[in-house]
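This is what each chain is made of:
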Amino acid sequence: MKKQRRTGSRVFMALVFLFLYAPIFLMIIFSFNAGNSSVVWQGFSLHWYEELFQDRTIMRSFYTTILVSLLATVIATIAGTFAAVGFYSMRRRTRSALMTVNNIPMTNADIVTGVSLCLLFVTVFGGWNYLAENYRFTFNWLGTLYRLTLPKLSLGFGTMLIAHITFNIPYVILSVGPKLRQMDRNLVDAAQDLGCTWMQAFFKVILPEIKPGIISGALIAFTMSVDDFVISYFTAGSSVSTLAMEIYSMARRRISPEINAISSLLFVVVILLLTANNIREARAEKALAKRRY
Amino acid sequence: MSKELIRLVNCSMAFDGELVLDNMNLYFNDSEFLTLLGPSGCGKTTTLRIIGGFITPTSGEVLFDGVRMNDIPPHLRQVNTVFQRYALFPHLNVFENVAFGLRIGRTEEKEVNGKKKKVKVRIPQEEIRQRVLEMLEVVSLKGFENRRINELSGGQQQRVAIARALVNRPKVLLLDEPLGALDLRLRKDMQSELKRIQQQMGITFIYVTHDQEEALAMSDTIVVMDQGRIQQIGTPEDIYNEPKNAFVADFIGESNILDGIMHEDYVVEFFNRKFKCLDKGFAPMEPVDVVIRPEDIDIVPKEQGQLRGTVTSVTFKGVHYDTIVDFKGFKWLIQTTDYHPVGETIGIILNPDDIHIMHKSQYSGMFGDYSSYSEEYEEMDDVTMLDEEEEGSSREDGHEE
Ligand SMILES: Nc1ncnc2c1ncn2[C@@H]1O[C@H](COP(=O)(O)OP(=O)(O)OP(=O)(O)O)[C@@H](O)[C@H]1O
Ligand SMILES: [Mg+2]
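1. Observations regarding the side chain of Thr323(B)
Residue and element names in this part refer to chain B.
Phase 1 of the analysis: Within the secondary structure, Thr 323 sits in strand E19 (residues 321–327).
Phase 2 of the analysis: Residue classification places Thr 323 among the buried residues on the basis of a relative accessible area of 0%.
Phase 3 of the analysis: Aside from chain neighbours lying at most four places away, what touches Thr 323 is Val 311, Ser 313, Val 314, Trp 332, Leu 333, Ile 334 and Thr 336.

This is the structure:
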């Protein structure tokens, strides 16, 4: 009876994993298929990967993804860290209220974030472009007449970057905050007591203490950026596209095994990032446990 | 004549409208060992934080050498602090912890071409190394330079904290219950160690503790505090022999405190009997608190006693017995080296210098009655100490009814 139930639950587990990972497995396997088919195995080959690296559009979208993810990660990490420090020095009530506000965007559906950001950009840019078209500024400086034309703005890399920074910041705050709270409050006092200004104390004492939180925040942010499709889709406009967007548009045109190759790569990169972060956190946990004996 | 270094003038501190320090007036002399003594939550740490510059008093002035310092941040003050829970930097090793202040260097005001300028003084590497090693030797931690902080015992961390503060050669060192986490033996060792360092280096120590024995043993001056107010300032002898009110008498050592009436100079009445004493200057027939220290009372056969009572409990304390004696319903603590069994009727004799008279205060009637005596009463202080969150809650449970 008991044994039966156990095997039952095992079968169930196996089914769940099968459904979760079979598609990904298939995708990875067929990315190495020599032929054109996604159904018939025609022998192992790296053909599609070679194709991939020769495809200009894909490589461009790859660089775009890396660039936007890196920039967004750096900026969001710095901004998020300072925001977390700000939260930390607030009173508890204000802090928990702000943390709730901080957490909402993370649980929000991507599509809502994407559409609302898109709407914001379009509205603001619409107003700006109206100004740029109808007003020219001329002024006289040292006898020369200058004519100033405002540049027109449109969706593109910049707006996508802003969007990525926006949705990354909460993750950084969330991973830095607990590290700050674990820190002995007196450490900052002690540093100041020994001659540090607040800024020096931040760099010499707070930063080393919360470094693990910052790194894992940055890793999460980077993963989120690489992974993102919906928000990028709504904020990138038509001139730039990320890998995820490229895959989407390829899939709409024709099913090519190239898609399998690039998706497999993306999957592997994201998995590696997540694993790296998990290992780091587990190690940090152990070190902390040791510190407390 | 010693020089005055720091003075607090009418300092008050309130958190969220709650008064934590009430009109403190206090000065600190050069090379003095001054102890702030009081129960948990009485405002000792708050006083230190005001001097260290971590908080600004709600009202009143902080003067260093007569100069107002209220708004000067901590890094510009010539004091260093040993924090209540050490606050060592976990990411640095012992050497770097101690070297921290030296590596930062101090900004000093210097006259350059007749103008005052702020100059950052950097200390050369070799000097830093020497001073750190020297200081580690002073606190007996030679050879521990490369240890990580989490690899040290509580006592060792404690000494690193002291070295880290002292290596900067401050004029004043603030110590917030630095020995609180140590066991009794180590505490005694560190007490004499600290006293030696203080005398050797000629630095002013402002020392916070809730342990009265520690305060008596180490201090030049003791400031007894309760509920944000100074109750008494004096030498350890003054505080012990001539407490100002029932709170001080009870907090410093053990005391029997009785209601009495001062008939005239040198004559006090209690238990319907007049006793000779050494106190004067009270109004005629003024109600007073009478303090009698348990170790001053002489037990005699009942026929010879001025007062007669029955022993209700005896506890062996090593050097002496804590004997509780019932005098007409009022229980006294008497410390004697002779054993008197429970139930025995004894007499006592009080000499004039065994009796100390105090004016009535808000604390009258709250302390000094051993009716609810239990053997645990001595441990109470230590328990309170361990958990800061419970501030004040268990204060004096052992004495109140
Ligand atoms: N930052 C703060 N905000 C609000 N209340 C505070 C703050 N710091 C201290 N207090 C309150 O001030 C009172 C005195 O605190 P303080 O830390 O000075 O006590 P203490 O004498 O050092 O006690 P202990 O022996 O337990 O360390 C306490 O009631 C405490 O709750
Ligand atoms: Mg304290």
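2. Observations regarding the site of ligand 1
Residue and element names in this part refer to chain B.
Phase 1 of the analysis: Inspection of the region around ligand 1 gives 13 residues, with Ser 40, Gly 41, Thr 45, Thr 46 and Glu 177 positioned closest.
Phase 2 of the analysis: Between an oxygen atom of ligand 1 and a side-chain N or O atom of Lys 44, the distance comes to 2.8 Å.
Phase 3 of the analysis: At a separation of 2.8 Å, an oxygen atom of ligand 1 approaches a polar side-chain atom of Glu 177.
Phase 4 of the analysis: The element best represented in the shell around ligand 1 is helix H1 (residues 44–52), accounting for three residues.
Phase 5 of the analysis: Considering only residue class, the shell around ligand 1 consists of three nonpolar, six polar and four charged.

3. Observations regarding the domain arrangement of chain B
Phase 1 of the analysis: Here chain B is partitioned into domain 1 (4–238) and domain 2 (255–390).
Phase 2 of the analysis: For domain 1 of chain B and domain 2 of chain B, the distance between their C-alpha centroids amounts to 38 Å.

4. Some remarks on helix H5 (residues 184–201) of chain B
All names here are of chain B.
Phase 1 of the analysis: When the terminal C-alpha atoms of H5 are compared, their 26 Å separation across 18 residues agrees well with the 26 Å that a helix rising 1.5 Å per residue should span.
Phase 2 of the analysis: Residues Arg 187, Met 190, Gln 191, Glu 193, Leu 194, Lys 195, Ile 197 and Gln 198 constitute the buried set of H5.
Phase 3 of the analysis: Put simply, Asp 183 is the residue that caps the front of H5, since its side-chain oxygen is 3.1 Å from the backbone nitrogen of Arg 185.
Phase 4 of the analysis: Immediately beyond the C-terminal end of H5, within one or two residues, lies Gly 202, with a positive phi of roughly 65°.

5. Description of the sheet that holds strand E10 (residues 204–209) of chain B
Residue and element names in this part refer to chain B.
Phase 1 of the analysis: With mixed pairing, the six strands of this open sheet are ordered in space as E6-E9-E10-E3-E11-E12. Single-partner strands in this sheet number two, and they are strand E6 (79–82) and strand E12 (229–234). Strand-to-strand twist in this sheet, taken as the mean axis angle between neighbours without regard to direction, amounts to 15°.
Phase 2 of the analysis: Where E6 lies against strand E9 (residues 172–176), four bridges are found, and the strand directions are parallel. When the sheet's bridge partners are listed, Thr 81 is paired in E9 with Leu 174.
Phase 3 of the analysis: Contacts from H1 reach strand E3 (33–37), E6, E9, E10 and strand E11 (221–226), with the element oriented near 150° to E9.
Phase 4 of the analysis: On top of the sheet, H5 reaches E3, E9 and E10; it is set at about 155° to E10, its chief contact.

6. Some points on the sheet that holds strand E1 (residues 4–15) of chain B
All names here are of chain B.
Phase 1 of the analysis: Judged by pairing direction, the sheet is antiparallel, and its four strands sit side by side in the order E2-E1-E4-E5 without closing on themselves. The open sheet has two edge strands with one neighbour each: strand E2 (18–29) and strand E5 (67–68).
Phase 2 of the analysis: Two strands pair when backbone bridges link them, and E1 and strand E4 (residues 59–64) are joined in this way by five bridges, in the antiparallel orientation. Paired with Ser 12 across the strands is Ser 59, a residue of E4.
Phase 3 of the analysis: The sheet contacts of H1 involve E1, E2 and E4, and relative to E1 the element is tilted by about 120°.

7. Points about the interface of chain A and chain B
Phase 1 of the analysis: Counting from both sides, the interface comprises 20 residues of chain A and, opposite them, 25 residues of chain B.
Phase 2 of the analysis: In total, chain A and chain B occlude about 2,000 Å² of area from one another, counting both sides; carbon and sulfur atoms represent 58% of this.
Phase 3 of the analysis: Here chain A and chain B share two salt bridges between them.
Phase 4 of the analysis: With its nearest N and O atoms 3.3 Å apart, the salt bridge here joins Arg91(A) to Asp16(B).
Phase 5 of the analysis: For the side of chain A that touches chain B, a count of residues per class yields eight nonpolar, five polar and seven charged.

8. Here's the deal with the environment of Thr56(B)
Residues and elements named next belong to chain B.
Phase 1 of the analysis: Here Thr 56 shows up in the loop between H1 and E4.
Phase 2 of the analysis: For Thr 56, a relative accessible area of 41% puts it in the partly exposed group.
Phase 3 of the analysis: Taking the C-alpha atoms as reference points, Thr 56 and Thr 46, separated by 10 residues in sequence, lie 10.0 Å from one another.
Phase 4 of the analysis: Thr 56 has contacts with Met 13, Asn 70 and Asp 71, leaving out every residue within four places of it along the chain.

9. Notes on the coordination of the magnesium ion (ligand 2)
Residues and elements named next belong to chain B.
Phase 1 of the analysis: For the magnesium ion (ligand 2), the full set of protein donor atoms is Thr 45 (OG1) and Gln 84 (OE1), at a range of 1.8 to 2.6 Å. Here Thr 45 is found in helix H1, whereas its partner Gln 84 is found in the loop between E6 and helix H2 (94–104), with 39 residues between them in sequence.
Phase 2 of the analysis: Residue Gln 84 is classed as buried on the basis of its relative accessible area, which comes to 16%.

10. With respect to the nonpolar core
Phase 1 of the analysis: In this structure, Val132(B), Leu173(B) and Leu194(B) are the most contacted members of the largest nonpolar core, which totals 36 residues.
Phase 2 of the analysis: Of all the secondary structure elements, the ones that give two or more residues to this core are H2, helix H3 (125–138), helix H4 (154–166), E9, H5 and E10 of chain B.
Phase 3 of the analysis: The element that contributes the greatest number of residues to this core is H4(B), accounting for six residues.
Phase 4 of the analysis: Among residues more than four places away in sequence, those in contact with Leu173(B) are Asn80(B), Thr81(B), Val82(B), Ala165(B), Leu166(B), Ile203(B), Thr204(B), Phe205(B) and Ile206(B).
Phase 5 of the analysis: Judged by nonpolar contacts, the second largest core, of 30 residues, contains Ala84(A), Ile173(A), Leu194(A) and Ala87(B).

11. A closer look at the environment of Tyr130(A)
Phase 1 of the analysis: Along the polypeptide, Tyr130(A) turns up in helix H5 (residues 110–134).
Phase 2 of the analysis: Separated by 22 residues in the primary sequence, Tyr130(A) and Lys152(A) place their C-alpha atoms 8.9 Å from one another.

12. Points about the packing of aromatic side chains
Phase 1 of the analysis: Counting across every chain of the model gives 30 aromatic pairs over all chains.
Phase 2 of the analysis: Look at Phe202(A) and Phe203(A): their rings are 5.2 Å apart centre to centre, the planes differ by 80°, and that puts the pair in the edge-to-face class.
Phase 3 of the analysis: Ring centres of Tyr321(B) and Tyr339(B) lie 5.3 Å apart, and the angle between their planes is 55°; this geometry places the pair in the tilted category. Of this pair, Tyr321(B) sits in strand E19 while Tyr339(B) sits in the loop between strand E20 (330–336) and strand E21 (345–349); the two residues are 18 residues apart in sequence, bridging distant segments of the chain.

13. Description of the pattern of salt bridges
All names here are of chain B.
Phase 1 of the analysis: Summed over all chains, the structure comprises 20 salt bridges over all chains.
Phase 2 of the analysis: A salt bridge links Asp 65 to Lys 3; its shortest N-O distance comes to 3.8 Å. Of this pair, Asp 65 sits in the loop between E4 and E5 while Lys 3 sits in the segment before E1, and the two are 62 residues apart along the sequence.
Phase 3 of the analysis: A relative accessible area of 40% places Asp 65 in the partly exposed class.
Phase 4 of the analysis: The partly exposed category is assigned to Lys 3, whose relative accessible area is 47%.
Phase 5 of the analysis: Here the salt bridges share partners, and the residues they tie into one network are Lys 3, Asp 65 and Lys 171.

14. Things to note about the pairing of strand E2 (residues 144–148) of chain A
Residue and element names in this part refer to chain A.
Phase 1 of the analysis: With five bridges joining them, strand E1 (residues 137–141) and E2 adopt antiparallel strand pairing. In the sheet register, Asn 140 faces E2, and the bridge partner there is Leu 145.
Phase 2 of the analysis: Hairpin connection between E1 and E2: a loop of two residues separates the two successive antiparallel strands, and Leu 142 in this loop has a positive phi of roughly 55°.

Parameters at a glance
- Every residue gets a number counted from 1 within its own chain, in the order that chain's sequence is written.
- Written order decides the labels, with chains lettered from A and ligands numbered from 1.
- Local features in this predicted model are restricted to residues whose pLDDT is 70 or higher, and side-chain atom pairs enter the listing and the counts only when it is 80 or higher, whereas totals over whole chains, interfaces and linings include all residues.
- Calculated side-chain values reflect all of the structure's heavy atoms, with hydrogen atoms and water omitted.
- Working definition: helices are DSSP H or I runs of at least four residues, strands are E runs of at least two. Numbering for both runs from the N terminus.
- Exposure is judged per residue with a 1.4 Å probe applied to protein chains only, and the accessible area is read against the type maximum: over 50% gives exposed, under 20% gives buried, and values in between give partly exposed.
- Residue contacts are defined here by distance: any two heavy atoms, one from each residue, within 4.5 Å place the two residues in contact.
- Being near a molecule or strand, for a residue, means having at least one of its heavy atoms within 4 Å of it.
- Counted as a polar contact is a pair of N or O atoms within 3.5 Å, where, for protein atoms, one must be capable of donating a hydrogen and the other of accepting one, and residues adjacent in sequence contribute only when both atoms are in side chains.
- Note that Gly is not counted as nonpolar here; it falls among the polar residues with everything else outside the nonpolar set of Ala, Val, Leu, Ile, Met, Phe, Trp, Tyr, Cys and Pro and the charged set of Asp, Glu, Lys and Arg.
- Residue ranges assigned to each domain were obtained from an automatic or database domain assignment.
- Expected helix span is computed as 1.5 Å times (number of residues minus one).
- Here a strand pair is declared whenever DSSP counts at least two bridges between the two strands.
- Each axis is a line fitted through C-alpha atoms, and for a helix only the stretch in contact is used; angles between axes span 0 to 180 degrees, taken between their N-to-C directions.
- We define buried area as the total accessible area lost by two parts upon association, computed with a 1.4 Å probe and summed across both.
- Salt bridges are identified by distance alone: a Lys or Arg side-chain nitrogen within 4 Å of an Asp or Glu carboxyl oxygen.
- Each metal's donors are the N, O and S atoms within 2.8 Å of it, or within 3.2 Å when it is Na, K or Ca, and because water is not part of the set, sites may look incomplete.
- What makes a nonpolar core is a set of buried Ala, Val, Leu, Ile, Met, Phe, Trp, Tyr and Cys residues whose side-chain atoms join them at distances within 4.5 Å.
- For this analysis, a ring pair means two rings from Phe, Tyr or Trp (six-membered ring only for Trp) whose centres lie within 6.5 Å, classed as stacked if their planes differ by under 30 degrees, edge-to-face if by over 60, and tilted for the remaining angles.

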